[in-house]
Amino acid sequence: MSRRLPEKDVVIVGLGWTGSIMALDVSFQEVVHSAPIEKAEVVKALAIRGEPRSPELGRPRPYPLDASLYAAGLRLLRSQHSCRQRRRLHGVPWPDRRHAADLKGDHAPFFGALIFTYFLYRITYPHEFAEAAKDTVLWCGTLNFVILVTSSLTMVFAINAAAQDPRPNRMVGWLIVTAVLGCAFLVVKGYEYYLDVQDKVVPVVDFEIKPGEGSAGELFCVFYWVATGLHAIHLTVGIGLVLYMLLGRIRRGRITPSYFAPLEVVGIYWSFVDTVWLFLYPCIYLVGRS
Amino acid sequence: MMIWPEVDARRARALPFVIAWIVILLTAGVSAWSAFLGLGIWAPVVQFGIAAIQNRVR
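About the cut-offs
Residues numbered from 1 in each chain as written. Chains lettered and ligands numbered in written order. Predicted model: local features only at pLDDT ≥ 70, side-chain atom pairs only at ≥ 80, totals over all residues. Helix = DSSP H or I, 4+ residues; strand = E, 2+ residues; numbered from the N terminus. Contact = placed C-beta atoms within 7 Å. Buried ≥ 20, exposed ≤ 12 C-beta atoms within 10 Å, placed from the backbone. Core = buried A, V, L, I, M, F, W, Y, C linked by C-beta atoms within 7 Å. Axes fitted to C-alpha atoms, helices over the stretch in contact; angles between N-to-C directions. Parallel < 35°, antiparallel > 145°, perpendicular 65-115°, else oblique. Left-handed = near helix turned anticlockwise from the far one by under 90°. Expected span 1.5 Å × (residues − 1). Bend = angle between axes of the 7 residues up to and from the residue. Nonpolar A, V, L, I, M, F, W, Y, C, P; charged D, E, K, R; others polar. pLDDT = per-residue confidence, 0-100.

So, on to the overall build of chain A. The secondary structure content of chain A amounts to 9 helices and 5 strands. Starting at the N terminus and walking to the C terminus, you meet the elements of chain A as β-β-β-α-α-α-α-α-α-α-β-β-α-α. The long-range share in chain A, meaning contacts at least 24 apart out of those at least 6 apart in sequence, stands at 76%.

Here is the structure:
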């Protein structure tokens, strides 16, 4: 079902995988649309956005990202509902690979909408974003990239060990390494946050506008904190799932070469968290370095 | 890495994953290097292109 968009001053702020689009009033006060809309209307809305706007509407708004979160939340709730419904109707036990694919698909719009919003603003305020991005700590982001990609490798080794080796020792070893690497990521991220607080780049709480940034610099910082914070929460959940596998299922002998789907699902989730960082890294750390 | 459902973990070998891991790290290095080249508007295109390749390699 489609709904008509308002005639003017509409910004598309999030684009879901299934074509559901989130649009907000430019004032960012009121959500005006969250249902799927027709392609023609999207084109029209984008065209409207290109029209000259009043100076007031042209000012950067510091808190547009709530719209992305709202869109992602809606998508998540809807898919969780359909997942439960399918389980009830077809009696599919959890987890199976289809649910794993759902899990990945559900969370993709979460960050997809954020990155989409980010690019809209990066195109609008390129110099301000470049200046603000210089405050990020490149070595922390790069180190975390290496840690996370390596943890994905160890997770794969754990799954392969679960599938090929009837003894759990090798699988347990790789899972412990994975959890430790996940914790290492959070430690580095925490240290980076500490540096950010020292540098006064915490939007709302303690933000100091630096020369060249303008107020749009705060927009970048909002994106930085929301995106990395959400990612850290997802990673923490991933570490919890790995620990659950170690202390729950594996200890009770429920992961065997004949049935290791739960571990595979955790691996797919871990892979998703890793994927998000692949895209956040250039968005956050590589802007404005030249 | 490469744990999409179509990869059968029962027959998977370690070497392809290690190669994929090395490729991802090397391309990340290229991506970081490109940030310092002054590519202007092409920088995000190159960096996101590399991220897409990395995602595919996984």
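A word on the overall build of chain B. Secondary structure assignment for chain B yields 2 helices and 0 strands. With 58 residues in all, chain B has 31% of them scored as buried.

Glancing now at the nonpolar core. Grouped together as the largest cluster of nonpolar side chains are 74 residues, with contacts concentrated most on A:Ala158, A:Ile159, A:Ala162, A:Phe220 and A:Leu263. Elements represented by at least two residues in this core include exactly helix H4 (97-124), helix H5 (126-133), helix H6 (138-164), helix H7 (169-198), helix H8 (216-250) and helix H9 (261-285) of chain A together with helix H1 (15-34) and helix H2 (42-57) of chain B. Considering every element that reaches this core, the biggest residue donor is H9(A), with 16 residues.

Contact geometry of H9(A) with H2(B) gives a least axis separation of 9 Å together with a crossing angle of 165°. One finds that H9(A) runs roughly antiparallel with respect to H2(B). Pair H9(A) / H2(B) crosses with right-handed handedness. Only B:Pro44, B:Gln47, B:Phe48, B:Ala51, B:Gln54 and B:Asn55 of H2(B) make contact with H9(A), whose side of the interface consists of A:Thr275, A:Leu278, A:Phe279 and A:Pro282.

Bringing H9(A) into the picture now. Residues and elements named next belong to chain A. Helix length check: H9 (25 residues) gives 36 Å between terminal C-alpha atoms against 36 Å at 1.5 Å per residue, within 8%. Of all the bends in H9, the largest measures some 30° and sits at Phe279, one to four residues before the proline Pro282. A large share of H9 lies buried, amounting to 23 of its 25 residues.

Tallying the contact residues gives 26 residues for chain B and 25 residues for chain A. Those elements that place two or more of their residues in the side of chain B that touches chain A are H1 and H2 of chain B. Counted by class, the side of chain B that touches chain A contains 19 nonpolar, 5 polar and 2 charged residues.

Our focus in this paragraph is the packing of H6(A) against H7(A). Residues and elements named next belong to chain A. Where H6 contacts H7, the two axes come as close as 8 Å, and the packing angle between them is 165°. The angle between H6 and H7 falls in the class roughly antiparallel. Once H6 is placed against H7, the crossing between them reads as left-handed. Partitioning the contact of H6 with H7 into residue classes produces 18 nonpolar, 6 polar and 3 charged.

Looking now at the confidence of the model for chain A. Residue and element names in this part refer to chain A. Model confidence for chain A is summarised by a mean pLDDT of 72, while 62% of its residues fall at 70 or above. Within chain A, no element has a lower average pLDDT than strand S3 (residues 31-33), which sits at 35, and none a higher one than H7, at 95. Confidence drops under a pLDDT of 50 for residues 1-64, and excluding neighbours within four residues, the segment shows 103 contacts in the predicted structure. A low-confidence stretch, residues 91-96 stays under pLDDT 50, and its non-local contacts, those more than four residues away or across chains, total 9 contacts.

Next up on the list: the confidence of the model for chain B. On average, residues of chain B carry a pLDDT of 84, and 88% of them reach 70 or more. Interface confidence for the predicted complex, expressed as ipTM, amounts to 0.89; the pTM equals 0.72.

Moving on, we come to the environment of A:Thr150. As for its position among the elements, A:Thr150 is in helix H6. Linking A:Thr150 and A:Thr178, residues 28 residues apart in sequence, is a C-alpha distance of 8.3 Å.

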